[in-house]
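Chain by chain, the residues:
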Amino acid sequence: MTKALSALVFMVFLLAAPASAQSRAEIALKVERLEREMVALENRLRNSQGGSGVVTGVAPQAGDAQLLSDLVAKFGTLERQVRAMNGRLEELEYRQRKQDEALELIRKEMQLQARETAQAQAEMKAQINTPSGGTVPPKDPGASVPDDAAVFVSLPDGDPAMQYRYAFNFIQKNDLENGFKAMDMFLKANPDDERVGNAKFWLGRIHLLQGRMPQAAQQLLALIEEHPNHDKRPDALLDLADVLIALDSAQDACNALSEFRRSEDKASERLKARAQRTAKTAGCAD
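These notes cover the structure that comes with them. None of the values given here were measured: they were computed from a predicted structure.

### A word on the state of the cysteines
Move 1: Summed over the entire model, instances satisfying the criterion amount to one disulfide.
Move 2: The disulfide bridge from cysteine 254 ends at cysteine 284, spanning 2.0 Å between sulfur atoms. Its S-S torsion of about -95° marks the bond between cysteine 254 and cysteine 284 as left-handed, since a negative value means left-handed. You can see cysteine 254 sitting in helix α10 (residues 250–262) and its partner cysteine 284 sitting in the segment after α11 (269–282), a full 30 residues away along the chain. With respect to class, cysteine 254 is no different from cysteine 284; both count as buried.

### Structural notes on the nonpolar core
Side chains of nonpolar character tend, in soluble globular proteins, to be buried together.
Move 1: Core analysis: the biggest nonpolar cluster contains 46 residues, and Met183, Trp202, Leu240, Val243, Leu257 and Phe260 have the highest contact counts within it.
Move 2: In contact with methionine 183, not counting residues within four places along its chain, are Tyr164, Ala167, Phe168, Ile171, Ala199, Trp202 and Leu203.

### Overview of the side chain of glutamine 163
Move 1: Relative to the helices and strands, glutamine 163 resides in helix α5 (residues 160–172).
Move 2: If we ignore the near neighbours within four places in the chain, the residues touching glutamine 163 are Leu155, Pro156, Gly158, Phe186 and Asn190.

### Quick look at the packing of helix α7 (residues 196–209) against helix α8 (residues 213–226)
Move 1: For the pair α7 and α8, interaxial distance at closest approach is 8 Å and the crossing angle is 155°. Taken together, the axes of α7 and α8 are roughly antiparallel relative to one another. Crossing angle aside, the handedness with which α7 passes α8 is left-handed. Residue-level inspection shows Gly197, Lys200, Phe201, Leu203, Gly204, Arg205, His207 and Leu208 of α7 in contact with α8, the latter providing Met213, Gln215, Ala216, Gln219, Leu220, Ala222, Leu223 and Glu226.
Move 2: Its residues assigned to classes, the contact of α7 with α8 shows eight nonpolar, five polar and three charged.

### A few points about the environment of threonine 281
Move 1: Its place among the elements puts threonine 281 in helix α11.
Move 2: Between the C-alpha atoms of threonine 281 and alanine 250, which are 31 residues apart in sequence, the distance is 8.6 Å.

### Section: the packing of aromatic side chains
Move 1: Within this structure, the stated rule accounts for five aromatic pairs.
Move 2: Look at tyrosine 164 and phenylalanine 168: their rings are 6.0 Å apart centre to centre, the planes differ by 10°, and that puts the pair in the stacked class. Taken together, the residues tyrosine 164 and phenylalanine 168, both in helix α5 and four residues apart, mark about one turn of the helix. Accessibility classification places tyrosine 164 together with phenylalanine 168 in one group, the buried group.
Move 3: When the ring of tyrosine 166 is compared with that of phenylalanine 170, the centres are 5.3 Å apart and the planes differ by 85°; the resulting orientation is edge-to-face. Of this pair, tyrosine 166 and phenylalanine 170 both sit in helix α5, separated by four residues, roughly a single helical turn.
Move 4: Given the relative accessible area of 23%, tyrosine 166 is considered partly exposed.
Move 5: Judged by relative accessible area, phenylalanine 170 falls into the buried class, the value being 11%.
Move 6: Positioned above the aromatic ring of phenylalanine 180, the side-chain terminus of arginine 212 is 5.4 Å from the ring centre.

### Focus on the packing of α5 against α7
Two numbers describe a pair of packed helices, the interaxial angle and the distance between the axes.
Move 1: Two numbers describe how α5 lies on α7: the axes approach to 12 Å, and their chain directions differ by 25°. With respect to their mutual orientation, α5 and α7 come out roughly parallel. As α5 runs across α7, the sense of the crossing is left-handed. Within the contact between the two elements, α5 uses Tyr164, Phe168 and Ile171 and α7 uses Asn198, Ala199, Trp202 and Ile206.

### Describing the pattern of salt bridges
Move 1: Scanning all chains against the criterion turns up 10 salt bridges.
Move 2: With a shortest N-O distance of 2.9 Å, aspartate 193 and arginine 195 are connected by a salt bridge.
Move 3: Take aspartate 193: its relative accessible area is 18%, and that puts it in the buried class.
Move 4: On the basis of relative accessible area, arginine 195 is assigned to the partly exposed category, the value being 21%.
Move 5: In this structure, arginine 274 engages aspartate 239 in a salt bridge whose closest nitrogen and oxygen atoms are separated by 2.6 Å. Pair noted here: arginine 274 is in helix α11 and aspartate 239 is in helix α9 (residues 233–246), with a separation of 35 residues, a long-range link.
Move 6: Residue classification places arginine 274 among the buried positions, given a relative accessible area of 3%.
Move 7: Its relative accessible area of 0% is what places aspartate 239 among the buried residues.
Move 8: Here the residues in one salt-bridge network are Arg205, Asp239, Asp242 and Arg274, joined through shared partners.

About the thresholds
- Throughout this description, residue numbers start from 1 for each chain and increase along the sequence as written.
- For this predicted model, a pLDDT threshold of at least 70 governs which residues receive local features, and a threshold of 80 or more governs which side-chain atom pairs are given and counted, while totals over whole chains, interfaces and linings are taken from all residues.
- Hydrogens and waters are ignored; side-chain quantities use all the structure's heavy atoms.
- Here, a disulfide means two cysteine sulfur atoms that sit within 2.5 Å of each other.
- Only DSSP runs of H or I covering at least 4 residues are called helices, and only runs of E covering at least 2 are called strands; the numbering of each starts at the N terminus.
- Between buried and exposed lies partly exposed: a residue is buried under 20% and exposed over 50% of the maximum accessible area for its type, with that area taken using a 1.4 Å probe on protein chains only.
- Put simply, a nonpolar core is a bunch of buried Ala, Val, Leu, Ile, Met, Phe, Trp, Tyr and Cys residues held in one set by side-chain atoms that sit within 4.5 Å of each other.
- Here a residue-residue contact requires only that any non-hydrogen atoms of the pair lie within 4.5 Å.
- Orientation is described by axes fitted as lines to C-alpha atoms, over the contacting stretch for helices, and by angles from 0 to 180 degrees between their N-to-C directions.
- Between 65 and 115 degrees an angle is taken as roughly perpendicular, under 35 as roughly parallel, over 145 as roughly antiparallel, and anywhere else as oblique.
- Handedness of a crossing follows from how the near helix is turned relative to the far one, being left-handed for an anticlockwise turn of less than a right angle and right-handed for a clockwise one.
- Side-chain classes follow a simple rule in which Ala, Val, Leu, Ile, Met, Phe, Trp, Tyr, Cys and Pro form the nonpolar group, Asp, Glu, Lys and Arg form the charged group, and the remainder, Gly included, forms the polar group.
- Aromatic rings from Phe, Tyr and Trp, with only the six-membered ring used for Trp, were paired whenever their centres fell within 6.5 Å, and each pair was classed as stacked if the ring planes differed by under 30 degrees, edge-to-face if by over 60, and tilted otherwise.
- A ring has a charge above it when a Lys NZ or an Arg CZ is no more than 6 Å from the ring centre and no more than 35 degrees off the ring normal.
- Salt bridge, as used here: a side-chain nitrogen of Lys or Arg that lies within 4 Å of a carboxyl oxygen of Asp or Glu.

Everything listed here is a matter of geometry and, on its own, says nothing about what the molecule does.
Have a look at this one:
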């Protein structure tokens, strides 16, 4: 093999080095085949003149020059294929680096998730909204709250409005356990009442505050999807975003926040500020 051919073969293998094992094997076969053809052509040309310059009587074939040109062209094509392959590999490596950077950013932001979630839950406990938009006074730390055994929860006889007030009274006192029981009873007893949306909201929020995330998502989604014009829908969307973050579904949380932005004209400034904090926690794009 001539020095020029050896250098060319070496260059091709050098270019192919970053490729996959299968790609390198395919390229090696191509190079081996082209190498055999070029060696055969060189031998035929050498024999036509003899090893020491003496003509042996074997004339070169008419197409040898064209064959050599074709082989050189094939090497050129092979080289371009290898370069294209390396370009694709570099692109994949770049995408991988970007993904690694994005994952690292998410990991850093998730470190703040526990603190942000705790802060949001503290705000919700301190600022539980009444159905009319008011704020429930915070619970007196010195007041005793009856436990499940001390309070028998049963809806009073009367109209749905009276039953709802009975259930919501527990929530006003921050007695969430009994408030949940009573509100669940109200929802089952009055499935067509106008206060059903409120009941679903409070059931979802209590699930959230007590760490039952899948159940919270179910109730909040019921309000969001079944009551699209409900006053509590913006609150429910933000609560749902917190739930989805806790369930390691940040992208779905961003989708919930996008839906919130489409109806934020109905939201208070407090909710808008909370939405911005939640979007930062979830790593949502602007």
